[in-house]
Amino acid sequence: QYIMTNEANSLVIKNICIFKNDGTLMHQIPKDNLPKIVGMDFIDEEYLVVFFQEGSFAMIDPHKGYMKRYNLGERFIGEVIVEAKVVDNSVVFYTHFNSNYKFYYIKNIFSLEYDHFHHSEIKTKPSFFLPISPRSSLSERLECLVTHATSGIHRMIEGKEEMILFNATAATSKFLKDLPDIKEIKLIGTSPSLEIDKQMMAFITKSLSLYVVSSDFKKVLMRKENCLGPDIDPKVLKRPMKLLWCSEDAIVVFHNKQFHIITRDNSYIKTYGSGVKGLLPCQEIDGIKIMSNNKCEILRTLPDFYINIFKLNSTAKSKDLYEAYEEYESRQASYENNILVDKKSLQDAVEQCIEAACFELNVNDQLRLLKAAHFGKTFLNPGNSTFDHNKFPQACELLRVIHAFRTERICRISSTKSKQTISVAIQDTQSSSFRRK
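Okay, so let's go over this structure. Remember, it's a predicted structure, so these values are computed and weren't measured experimentally.

What counts and what doesn't
Residues numbered from 1 in each chain as written. Predicted model: local features only at pLDDT ≥ 70, side-chain atom pairs only at ≥ 80, totals over all residues. Heavy atoms only, no water. Helix = DSSP H or I, 4+ residues; strand = E, 2+ residues; numbered from the N terminus. Contact = heavy atoms within 4.5 Å. Areas by Shrake-Rupley, 256 points an atom, 1.4 Å probe, with all protein chains shown as cover. Buried < 20%, exposed > 50% of the residue type's maximum accessible area, 1.4 Å probe, protein only. Pairing = 2+ DSSP bridges. Phe/Tyr/Trp six-rings, centres within 6.5 Å; stacked < 30°, edge-to-face > 60°. Lys NZ or Arg CZ within 6 Å of the ring centre and 35° of its normal. Axes fitted to C-alpha atoms, helices over the stretch in contact; angles between N-to-C directions. Parallel < 35°, antiparallel > 145°, perpendicular 65-115°, else oblique. Left-handed = near helix turned anticlockwise from the far one by under 90°. Nonpolar A, V, L, I, M, F, W, Y, C, P; charged D, E, K, R; others polar. Patch = residues over 30% accessible without salt bridge, like charges linked within 9 Å, V, L, I, M, F, W, Y side chains within 5 Å. Salt bridge = Lys/Arg side-chain N within 4 Å of Asp/Glu carboxyl O. Expected span 1.5 Å × (residues − 1). Arc of directions from axis to C-beta.

A word on the overall build of the protein chain
Piece 1. Of the regular secondary structure elements, the protein chain holds eight helices and 25 strands.
Piece 2. The long-range share in the protein chain, meaning contacts at least 24 apart out of those at least 6 apart in sequence, stands at 45%.
Piece 3. Element-wise, carbon and sulfur atoms account for 49% of the exposed surface of the protein chain, whose accessible area totals about 22,500 Å².

Concerning the pairing of strand E19 (residues 241-246)
Each regular strand carries side chains that alternate between the two faces of the sheet.
Piece 1. The element E19 is largely enclosed, with a buried count of five among its six residues.
Piece 2. As defined by bridge partners, E19 adjoins strand E20 (residues 250-255) across six bridges and the pair is classed as antiparallel. Looking at the pairing, Trp245 lines up with Ile251 of E20.
Piece 3. Turn length for the E19-E20 hairpin, with the two strands adjacent in sequence and antiparallel, is three residues, and the turn residue Ser247 shows positive phi of about 55°.

Topic: the environment of Phe387
Piece 1. Turning to its location among the elements, Phe387 is positioned in the loop between helix H7 (363-377) and helix H8 (391-406).
Piece 2. A relative accessible area of 7% means that Phe387 is categorised as buried.
Piece 3. Once the C-alpha coordinates of Phe387 and Glu351 are considered, the two residues, 36 residues apart in sequence, prove to be 8.4 Å apart.
Piece 4. With sequence-adjacent residues up to four places away left out, Phe387 is seen in contact with Gln347, Val350, Glu351, Ile354, Lys377 and Leu380.

What to know about the packing of aromatic side chains
Piece 1. Following the criterion strictly, the structure yields 23 aromatic pairs and no others.
Piece 2. Ring centres of Phe166 and Phe203 lie 5.3 Å apart, and the angle between their planes is 75°; this geometry places the pair in the edge-to-face category. A residue pair is termed long-range when its members are at least 10 positions apart, and Phe166 in the loop between strand E14 (163-165) and helix H3 (174-177) and Phe203 in strand E16 (residues 200-205) qualify at 37 residues. Each member of the pair Phe166 and Phe203 is classed as buried.
Piece 3. Grouped by ring-pair contacts, the aromatic residues Phe51, Phe57, Tyr70, Phe76, Phe93, Tyr104 and Tyr114 constitute a single cluster.
Piece 4. Residue placement shows Arg331 over the ring face of Tyr328; its charged tip is 5.4 Å from the ring centre.

Remarks on unusual backbone geometry
Excluding glycine, residues mostly carry a negative phi; peptide bonds, for their part, are mostly trans.
Piece 1. The phi torsion at Asn98 lies on the positive side, around 50°, for a residue other than glycine.
Piece 2. Mapping Asn98 onto the fold places it in the loop between strand E8 (90-97) and strand E9 (100-106).
Piece 3. Phi angles above zero are rare outside glycine, and Ser247 is one such case at about 55°.
Piece 4. Looking at the element boundaries, Ser247 is found in the loop between E19 and E20.

Topic: the side chain of His148
Piece 1. Mapped onto the elements, His148 comes out in strand E12 (residues 143-148).
Piece 2. Not counting chain neighbours up to four residues away, the residues in contact with His148 comprise Ile122, His154 and Glu184.

Some details on the packing of H7 against H8
Piece 1. Their axes nearest at 12 Å, the elements H7 and H8 cross at an angle of 165°. Classified by the interaxial angle, the pair formed by H7 and H8 is roughly antiparallel. Note that H7 runs across H8; the crossing there is left-handed. Each of Val363, Gln366, Leu370, Ala373, His374 and Lys377 in H7 lies in contact with H8, whose residues at this interface are Phe392, Cys396, Leu399, His403 and Arg406.
Piece 2. Per-class residue counts for the contact of H7 with H8 are six nonpolar, three polar and two charged.

Quick notes on the pairing of strand E3 (residues 37-42)
Piece 1. Pairing of E3 with strand E4 (residues 48-52) involves five bridges; the strand directions are antiparallel. When the bridges of E4 are listed, Met40 appears paired with Val50.
Piece 2. Two successive antiparallel strands, E3 and E4, enclose a turn made up of five residues, where Glu46 displays a positive phi of approximately 75°.

Description of the packing of helix H6 (residues 343-359) against H7
Piece 1. Between H6 and H7, the shortest axis-to-axis distance is 8 Å and the interhelical angle comes to 160°. Between H6 and H7, the crossing angle belongs to the class labelled roughly antiparallel. Crossing of H6 against H7: the hand is left-handed. Where H6 approaches H7, its residues Leu346, Val350, Cys353, Ile354, Ala356 and Ala357 are matched on the opposing element by Gln366, Leu369, Leu370, Ala372, Ala373, Gly376 and Lys377.
Piece 2. Here the residues of the contact of H6 with H7 are counted per class, giving 10 nonpolar, two polar and one charged.

Focus: a nonpolar patch on the surface
Piece 1. On the surface, a cluster of nonpolar side chains totalling about 210 Å² of accessible area is made up of Leu11, Phe19 and Leu25.
Piece 2. Positionally, Phe19 belongs in strand E1 (residues 15-19).

Describing the pattern of salt bridges
Piece 1. On inspection of all chains with the given rule, the structure shows 11 salt bridges.
Piece 2. The closest approach of N and O atoms between Arg223 and Glu225, which form a salt bridge, is 2.6 Å.
Piece 3. The class of Arg223 is partly exposed, set by a relative accessible area of 47%.
Piece 4. Overall, Glu225 belongs to the partly exposed group, its relative accessible area being 44%.
Piece 5. Where Glu351 meets Lys391, a salt bridge forms, and the shortest distance between an N and an O atom there is 3.1 Å. Of the two residues, Glu351 is situated in helix H6 and Lys391 in helix H8; the sequence distance between them amounts to 40 residues.
Piece 6. Looking at Lys391, the relative accessible area reads 35%, which means it is partly exposed.
Piece 7. What emerges from the salt-bridge pattern is a single network uniting Asp44, Asp88 and Arg135.

Concerning H8
Piece 1. Taking 1.5 Å of rise per residue, the 16 residues of H8 would be expected to cover 22 Å, and the 23 Å separating its terminal C-alpha atoms lies within 8% of that figure.
Piece 2. Every buried residue of H8 is listed here: Phe392, Ala395, Cys396 and Leu399. Relative to the axis of H8, the buried residues are bounded by an arc of 100° and lie together on one face.
Piece 3. If you follow the buried residues of H8, they end up packed against H6 and H7.

What follows is the structure, encoded as structure tokens:
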């Protein structure tokens with residue numbers, strides 16, 4: 001449960017609370033004697049890193065609730081840390097001292113060594129910064145993108161000089177002059193793909209213009225003015241927004257109690273409102289985890305093989321197989337359904353039912369899809385098809401492991417990198433593959 005804090009909620013105000021992903025409270029670490037927290041997230045090894053304003057941080061074992069403190073030195077007592085963010089096993093943070101903002105990074109949190117990014121003086125507090133993992137950066141080094149009112153973006157690279165993006169007037173090379181001129185960027189979001197050629201970046205400006213650009217920053221793939229809709233005046237936006245990617249297919253902007261879905265090709269735009277007190281979204285590799293005061297849901301794109309089975313009036317062979325199985329179960333076989341005769345189509349239908357079962361999150365629907373696939377594969381053999389019968393037991397093994405993690409006994413620690421067990425699928429059958437369930 002996502003609790004809106006108030007004076008009565010002393011548990012979540014006075015403690016760092018660690019939960020299983022079924023909502024069970026595992027540990028609570030008192031923070032009465034701790035400095036101001038400026039950043040907190042899980043690293044790859046699933047330790048919880050808590051960064052403090054005066055240059056120290058704590059590593060918490062979420063399974064045992066054990067906390068150990070570390071100090072980066074006296075430098076940051078006067079040069080206080082404003083904000084810190086975790087990426088992989090690294091931490092990027094920036095400080096404020098003598099009207100200057102300076103960015104640092106810890107390449108490996110276990111080494112306790114920090115260094116600074118090479119960049120010019122930043123006099124204005126950044127509205128947003130985004131660390132990028134070496135696994136998905138163009139330079140294959142730790143990078144950090146920092147918004148700047150006039151320069152557009154400062155691109156900082158580990159061990160290299162600063163590069164200013166999206167400002168032709170400040171360009172120092174032909175490469176920079178050829179970049180699009182995007183100013184007053186307020187939010188940045190990178191698509192979750194780790195493949196550089198598929199990765200994209202989304203920007204929201206002060207005027208609420210949404211840009212999607214390629215990972216090399218050279219090409220604007222999409223632009224949409226006033227991405228929150230024509231009824232919202234940018235001047236009255238006081239609450240913070242959050243920009244996340246739903247897989248590689250759509251950009252989702254969270255504002256107040258609403259979230260706005262804009263597909264990458266700008267062909268589908270939908271606004272969802274909620275009657276809850278607030279929404280807490282977290283990026284997942286295949287979608288977005290959305291927590292409210294009474295639910296935890298998953299927003300994700302439905303693949304065609306899934307839609308074709310359940311969509312009304314679908315002509316897909318996988319739907320024919322699914323219906324043939326249901327007719328067989330009810331002992332009302334249809335003579336018009338000849339899916340079992342056409343072995344090539346039957347093989348494709350069985351494979352799609354297996355894929356749909358692995359994608360489905362409802363246990364009962366998973367079982368029906370697996371039973372439909374098993375029913376179809378009994379009519380396939382090496383003499384009439386090339387179907388790999390190992391696919392079915394492999395899918396069953398995968399789903400067994402997933403169900404084991406969902407049980408109360410084995411539930412994982414809840415982090416932004418782990419999958420939740422309660423979910424929602426998204427579809428609009430008339431215009432796009434998004435559904436709310």
